[in-house]
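A closer look at the structure
One-letter residues, chain by chain:
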Amino acid sequence: PPTTPSNIIKTTPDGDNTPTFTWNAASDALSGLASYEVKIDGGGWTNIGKVTTYTWGIVGDGSHTFYVRAKDAVGNIGTAGSLGFIVDTTSPVVTVTSPNGGEYWAGGSSQNITWSATDVSLGATPITLKYYDGANWVTIATGEANDGSYTWTVPPLNISTARVRVTAVDKAGNGGSDESNASFTIVSAPTMVTVTSPNGGEYWAGGSSQNITWSAADVNLGPTPITIEYYN
C-alpha cells in the first residue's frame, strides 16, 4: 500500500468554519499513487484525486479530527494520517456574578470579583477586568486565568455608579463580555470633617449642657453616620 501522508497542517484559523488542510505527498513503489481520500471525525471517505490540499465545507464549532489516506492504482489503501483541530466561530459567554448591583464596597478594601466564562477554545489567560468610575472604563487586570475569581483592591474613591466588566477572548479572537447588572457603590472615608465647637480655649462647667458642633461632607453619608468622643 502507499505510504502515510505526513505533516498535515490546518492553514486556516480556528475562527474559520471552512478549514483548509495541506499535507506532504505519499508514495507508492509499484503501481503508483492514484488518489487521496479524506474525512472528518466519523464521516465517510471522500476521494479528492491527487491534490495535497483540501478545503472542507462548513464544519460546526468544537473539536474535530481530520483524516487523509492514500490509495494506489490497484486499490491498495495506506494508513491514514490524522490531525486534531478546533473550529470556533462563537463568542465566549460571560456572566459577572459579583458585584452585580447594590453592593457597598469600601475604598481600599479587598473584594472578590466573580464570573463565569465558557467557550470551546479559551486559552490559559483570556480574561480582562475593568471598572466604571462614573465617566470611563478603567482597567483592573488583563491576561488573567479563567478561574472565575479575582481579588480586587478597591480604589479609594467615592462612586455611586460603579460597575465591573469582564471580557473573555478565545483563541480564534472572538470576544464576549458582561458587566454588573446594576450599579454598586464604592464608599471611601468622608472627605472633610470639621469640629467647630469646642475648638480650643473654652471653659465649660461640669454638668452643664453645651452644644458640640461640626460639619461633615461626603457623597455617601448614611442617615446616622456620626460618632462623638471626648478626650479625658
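Residues numbered from 1 in each chain as written. Predicted model: local features only at pLDDT ≥ 70, side-chain atom pairs only at ≥ 80, totals over all residues. Heavy atoms only, no water.

1. Description of the pairing of strand 11 (residues 127-132)
Residues Ile127, Leu129 and Tyr131 line the buried face of strand 11, whereas the alternating positions Thr128, Lys130 and Tyr132 sit on a face that is not buried. Pairing of strand 11 with strand 12 (residues 137-144), which is carried by five bridges, proceeds in the antiparallel orientation. Across the sheet, Leu129 pairs through a bridge with Ala141, a residue of strand 12. Taking the residues that link successive antiparallel strands as the turn, the strand 11-strand 12 hairpin has four residues, and the phi of Gly134 there is positive, at about 100°. Sheet topology places strand 11 next to strand 14 (residues 159-169); six bridges connect them, and they run antiparallel. Bridged to Tyr132 within strand 14 is Arg163. (Buried < 20%, exposed > 50% of the residue type's maximum accessible area, 1.4 Å probe, protein only. Helix = DSSP H or I, 4+ residues; strand = E, 2+ residues; numbered from the N terminus. Pairing = 2+ DSSP bridges.)

2. Concerning the sheet that holds strand 3 (residues 33-40)
The sheet built from four strands is open, its strands ordered 4-3-6-7 with antiparallel pairing. On the outer flanks of this sheet lie strand 4 (46-49) and strand 7 (81-87), each paired with one strand and no other. When the angles between neighbouring strand axes are averaged without regard to direction, this sheet yields 30°. Here strand 3 runs beside strand 4; their pairing, made up of three bridges, is antiparallel. (Axes fitted to C-alpha atoms, helices over the stretch in contact; angles between N-to-C directions.)

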